[in-house]
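Understanding the architecture of this molecule
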Amino acid sequence: MTSSDPVLEIRDLRVAFHGPRRSLRGGRTITQAVDGVSLDIQPQEILALVGESGSGKSTVARCVLGLVQPQEGTITYEGRALGPIDKRPAELQRAVQMVFQDPGSSLNPRMTVGSIIREAWKVHPAVAPSGERRETMRELLAAVGLDEGVAARRPTALSGGQRQRVSIARALALRPRLLVCDEAVSALDVSVQSQILRLLVELQRTRELSILFITHDLAVVRQIADRVAVMRKGELVESTTAEQLFTNPTHRYTQGLLRAAYDLEGAVEVTFEEAREQIS
Ligand code: ADP
Ligand code: MG
């Protein structure tokens, strides 16, 4: 492969969920969460996947992470198929890491920050040889803007922004090439959001990462993305550069999302749903 081949290729992905509720005819309800999504992420690119709640973004992420199995379609990482997480070779498990929305629930409150990070190395010991771990820990914490002392503390003693830095450090501990961030800043105050977004952009450059950055918030997209893919009801409706999207959105749905995010009239808050009604 050449350097211009995509890191991640998603082709015609389809995921349906069968609900527990029985319909009147006795069949199960089916939600087509992802309905034919194809996208590529290039080396060292930040691709934002954006859309309102329920449009299927997290389901795409969970497929990339091997936590959900699609009924149809393929996902490849540097040309190699990405199957269920427990069937991935160690090298692929390591190469694709995630940062979730709520570090409060994804970081074990009974463990110290240091032990949370070291846990990753128990599964993949070759990433950080034991003689180098103390130094690697120091580097990792510094890279995410935390001082060394944080290693001895528990997540509950930290602020939301610090906890999200710990989540990022834990992901980076395995030296991934692709980071999947699902609403990674959505629970944070706007000023803290900007700090974390700047950190991700810096880490993308210094660690040569590709990032699949999932958010419902276009204001966030503007701060971080190289390219943007817009989802609606399980389908991609627009895929373009971030610059194009904000200066010249071609799809009416994207125009609606922008109107919702930026409240162009300056008068009222407009939700995604209201904006959609205005344009349909
Ligand atoms: P988003 O992340 O864009 O908010 P999701 O991918 O979480 O969207 O959800 C897409 C659709 O799939 C929604 O209708 C959601 O209710 C449904 N869904 C997601 N996960 C499951 C699941 N495990 N079981 C049943 N339905 C699900
Ligand atoms: Mg989601």
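Since the structure is predicted, the reported quantities are computational estimates derived from the model, not experimental observations.

1. Quick notes on the site of ligand 1
- Every residue near ligand 1 is listed here: Phe 17, Thr 31, Ala 33, Glu 52, Ser 53, Gly 54, Ser 55, Gly 56, Lys 57, Ser 58 and Thr 59.
- Here an oxygen atom of ligand 1 sits 2.6 Å away from a polar atom, N or O, in the main chain of Gly 54.
- Taking 560 Å² as the accessible area of ligand 1 by itself, protein coverage stands at 58%.
- Of the residues forming the shell around ligand 1, the biggest block, three residues, is contributed by helix α1 (residues 57–64).
- Tallied by class, the residues present in the shell around ligand 1 amount to two nonpolar, seven polar and two charged.

2. Here's the deal with the sheet that holds strand β7 (residues 178–182)
- On the basis of which strands lie adjacent, the open sheet formed by six strands has the order β6-β7-β8-β3-β9-β10 and mixed pairing. In this open sheet, the two strands that pair with only one neighbour each are β6 (96–99) and β10 (235–241). For this sheet, the mean inter-axis angle between neighbouring strands, taken without regard to orientation, is 20°.
- The sheet contact formed by strand β3 (residues 46–50) and strand β8 (residues 210–215) spans five bridges and is parallel. Bridging across to β8, Leu 49 finds its partner in Ile 214.

3. Considerations on the packing of helix α4 (residues 113–123) against helix α5 (residues 133–143)
- Between α4 and α5, whose axes approach to 11 Å, the crossing angle comes to 115°. Classified by the angle their axes make, α4 and α5 are roughly perpendicular. Note on packing geometry: the crossing formed by α4 with α5 is right-handed. Residue-level inspection shows Val 113, Gly 114, Ile 117, Arg 118 and Trp 121 of α4 in contact with α5, the latter providing Arg 133, Thr 136, Met 137, Leu 140 and Leu 141.
- For the contact of α4 with α5, a count of residues per class yields six nonpolar, two polar and two charged.

4. Examining the domain arrangement of the chain
- One can read the domain layout of the chain as domain 1 (8–248) and domain 2 (249–280).
- The straight-line distance from the C-alpha centre of domain 1 to that of domain 2 is 27 Å.
- On the domain 2 side, the residues contacting the 15 residues of domain 1 number twelve residues.
- Buried surface at the junction of domain 1 and domain 2, both sides included, amounts to about 1300 Å², of which 60% is carbon and sulfur.
- At the surface where domain 1 touches domain 2, the tally comes to zero salt bridges.
- Here domain 1 is connected to domain 2 by five residue pairs in polar contact (both at pLDDT 80 or more).

5. Structural notes on the side chain of Ser 210
- Within the fold, Ser 210 resides in strand β8.
- Using a relative accessible area of 2% as the deciding quantity, one classes Ser 210 as buried.

6. Quick word on the nonpolar core
- Ranked by internal contacts, the top residues of the largest apolar core, which has 43 residues, are Ile 117, Trp 121, Ile 168 and Phe 213.
- Top element by residues in this core is helix α7 (residues 190–206). It accounts for six residues.
- If sequence neighbours within four positions are ignored, Ile 117 has contacts with Met 137, Leu 140, Leu 141, Ala 169, Arg 170 and Ala 173.
- Membership of the second largest hydrophobic core comes to 30 residues, among which are Ile 10, Ala 33, Val 34 and Ile 75.

7. Considerations on the side chain of His 124
- For His 124, the location among the structural elements is in the loop between α4 and α5.
- With residues near it in sequence (within four places) discarded, His 124 still touches Ala 90, Gln 93, Arg 94 and Leu 174.

About the thresholds
- Each chain carries its own residue numbering, running from 1 in the direction its sequence is written.
- Each chain takes a letter, starting from A, and each ligand takes a number, starting from 1, following the order in which they are written.
- Only residues with pLDDT of at least 70 get local features here, since the model is predicted, and only at 80 or more are side-chain atom pairs given and counted; chain-wide, interface and lining totals rely on the full set of residues.
- With hydrogens and water stripped out, all remaining heavy atoms of the structure feed into the side-chain values.
- Throughout this document, a residue counts as near a molecule or strand when at least one of its heavy atoms sits within 4 Å of that molecule or strand.
- Think of a polar contact as two N or O atoms within 3.5 Å of one another; within protein, one of them needs to be a possible hydrogen donor and the other a possible acceptor, and neighboring residues in sequence only count if both atoms come from side chains.
- All accessible-area figures derive from a Shrake-Rupley calculation using a 1.4 Å probe, and residue coverage is judged against the displayed protein chains alone.
- Secondary structure follows DSSP: runs of H or I at least 4 residues long count as helices, runs of E at least 2 residues long count as strands, and numbering of each begins at the N terminus.
- Think of it as three bins: nonpolar holds Ala, Val, Leu, Ile, Met, Phe, Trp, Tyr, Cys and Pro, charged holds Asp, Glu, Lys and Arg, and polar takes everything else, Gly as well.
- Only strands joined by at least two bridges in the DSSP assignment are considered to pair.
- Lines fitted to C-alpha atoms define the axes here, with helix axes fitted over just the stretch in contact, and angles between the N-to-C directions of these axes take values from 0 to 180 degrees.
- When an angle is under 35 degrees it counts as roughly parallel; over 145 it counts as roughly antiparallel; between 65 and 115 it counts as roughly perpendicular; any other value is oblique.
- The hand of a helix crossing depends on one turn: near helix anticlockwise from the far one by less than a right angle means left-handed, and clockwise means right-handed.
- Should any heavy atoms of two residues lie within 4.5 Å, those residues are considered in contact.
- Domain extents, as shown, originate in an automatic or database domain assignment.
- A 1.4 Å probe defines the accessible area here, and the buried area is the portion of it lost by two parts on being joined, summed over both.
- Note on definitions: salt bridges are taken to be side-chain nitrogens of Lys or Arg within 4 Å of carboxyl oxygens of Asp or Glu.
- Per-residue accessibility, obtained with a 1.4 Å probe over protein chains only, is compared with the maximum for each type, and a residue is labelled buried under 20%, exposed over 50%, and partly exposed between these values.
- Take the buried residues of types Ala, Val, Leu, Ile, Met, Phe, Trp, Tyr and Cys, join any two whose side-chain atoms come within 4.5 Å, and each joined set is a nonpolar core.

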